[in-house]
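Results of the structural survey
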Amino acid sequence: QVQLVESGGGLVQAGGSLRLSCAASGRTFSRYAMGWFRQAPGKEREFVTSISWSGRNTHYADSVKGRFTISRDYAKNTVYLQMVSLKPEDTAVYYCAQGIVPYSDPGAAGFGSWGQGTQVTVSS
């Protein structure tokens, strides 16, 4: 049973920074891509970023390129999302996700396990 636990959300002013963490357990972490998605009030969940099982490939939504960075720590079974230059439109619940197929680079799709989410609120 995959378990993903996000942390690090909070309230920050526009222009500020936050780092989200997601601790994974239940499957061999090193075999699966990891991703971050977000859902703003009244909107559908959207892709933010992902990192391949190897860590060599990363993908970003256009809206966050240059501001967000995804990384993973194999020793800690944890994936991170560093967010800088935050904007009010980044306000959302952020979800961690794990890829379905091992040893793959699914990009923006192919994620089948989800965390409970962590709230990020950016004030103007």
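Look above for the structure.
Owing to the predicted nature of the structure, the values given are computational and were not obtained by experimental measurement. (Residues numbered from 1 in each chain as written. Predicted model: local features only at pLDDT ≥ 70, side-chain atom pairs only at ≥ 80, totals over all residues. Heavy atoms only, no water.)

**Points about the nonpolar core**
- Counting residues in hydrophobic clusters, the biggest one holds 30 residues, and the most contacted among them are Met 34, Trp 36, Phe 68, Val 79, Leu 81, Met 83 and Tyr 94.
- Those elements that place two or more of their residues in this core are β3 (18–25), β4 (34–39), β5 (46–51), β7 (68–73), β8 (78–83), β9 (92–99) and β11 (118–123).
- What Val 79 contacts, discounting residues up to four positions off in sequence, is Leu 20, Ser 21, Cys 22, Phe 29, Met 34, Trp 36, Ile 51, Ile 70, Ser 71, Arg 72 and Cys 96. (Core = buried A, V, L, I, M, F, W, Y, C linked by side-chain atoms within 4.5 Å. Buried < 20%, exposed > 50% of the residue type's maximum accessible area, 1.4 Å probe, protein only. Helix = DSSP H or I, 4+ residues; strand = E, 2+ residues; numbered from the N terminus. Contact = heavy atoms within 4.5 Å.)

**What to know about the side chain of Thr 91**
- Within the secondary structure layout, Thr 91 lies in the loop between β8 and β9.
- Separated by 2.9 Å, the side chain of Thr 91 and the backbone nitrogen of Val 122 make a polar contact.
- When neighbours within four sequence positions are excluded, Thr 91 is seen to be in contact with Ala 40, Gln 119, Val 120, Thr 121 and Val 122. (Polar contact = N/O pair within 3.5 Å; in protein donor to acceptor, adjacent residues only side chain to side chain.)

**Here we look at the packing of aromatic side chains**
- The tally for this structure, following the rule as stated, stands at five aromatic pairs.
- Aromatic pair Phe 29 and Tyr 74: ring centres 5.9 Å apart, planes at 65°, arrangement edge-to-face. On the criterion of sequence distance, the pair formed by Phe 29 in the loop between β3 and β4 and Tyr 74 in the loop between β7 and β8 is long-range, its members being 45 residues apart.
- Judged by centre distance (5.5 Å) and plane angle (70°), the ring pair of Phe 37 and Phe 111 falls under edge-to-face. One end of the pair, Phe 37, is in strand β4; the other, Phe 111, is in strand β10 (residues 111–114), with 74 residues separating them in the sequence.
- On the accessibility criterion, Phe 111 (9% relative accessible area) is buried.
- Site record: aromatic cluster; members linked through ring pairs are Phe 37, Phe 47, Phe 111 and Trp 114.
- The ring of Tyr 95 carries the charged tip of Arg 45 above its face, separated from the ring centre by 5.1 Å.
- If you follow Arg 72 out to its NZ or CZ, it ends over the ring of Phe 29, 4.3 Å from the centre. (Phe/Tyr/Trp six-rings, centres within 6.5 Å; stacked < 30°, edge-to-face > 60°. Lys NZ or Arg CZ within 6 Å of the ring centre and 35° of its normal.)

**Some details on the side chain of Ser 50**
- Among the secondary structure elements, Ser 50 is positioned in strand β5.
- Within the local environment of Ser 50, its side chain forms a polar contact with the backbone oxygen of Gly 107, the two atoms lying 2.6 Å apart.
- Those residues in contact with Ser 50 that sit more than four places away from it in its chain are Met 34, Gly 35, Asn 57, Thr 58, His 59, Ile 70, Gly 107 and Phe 111.

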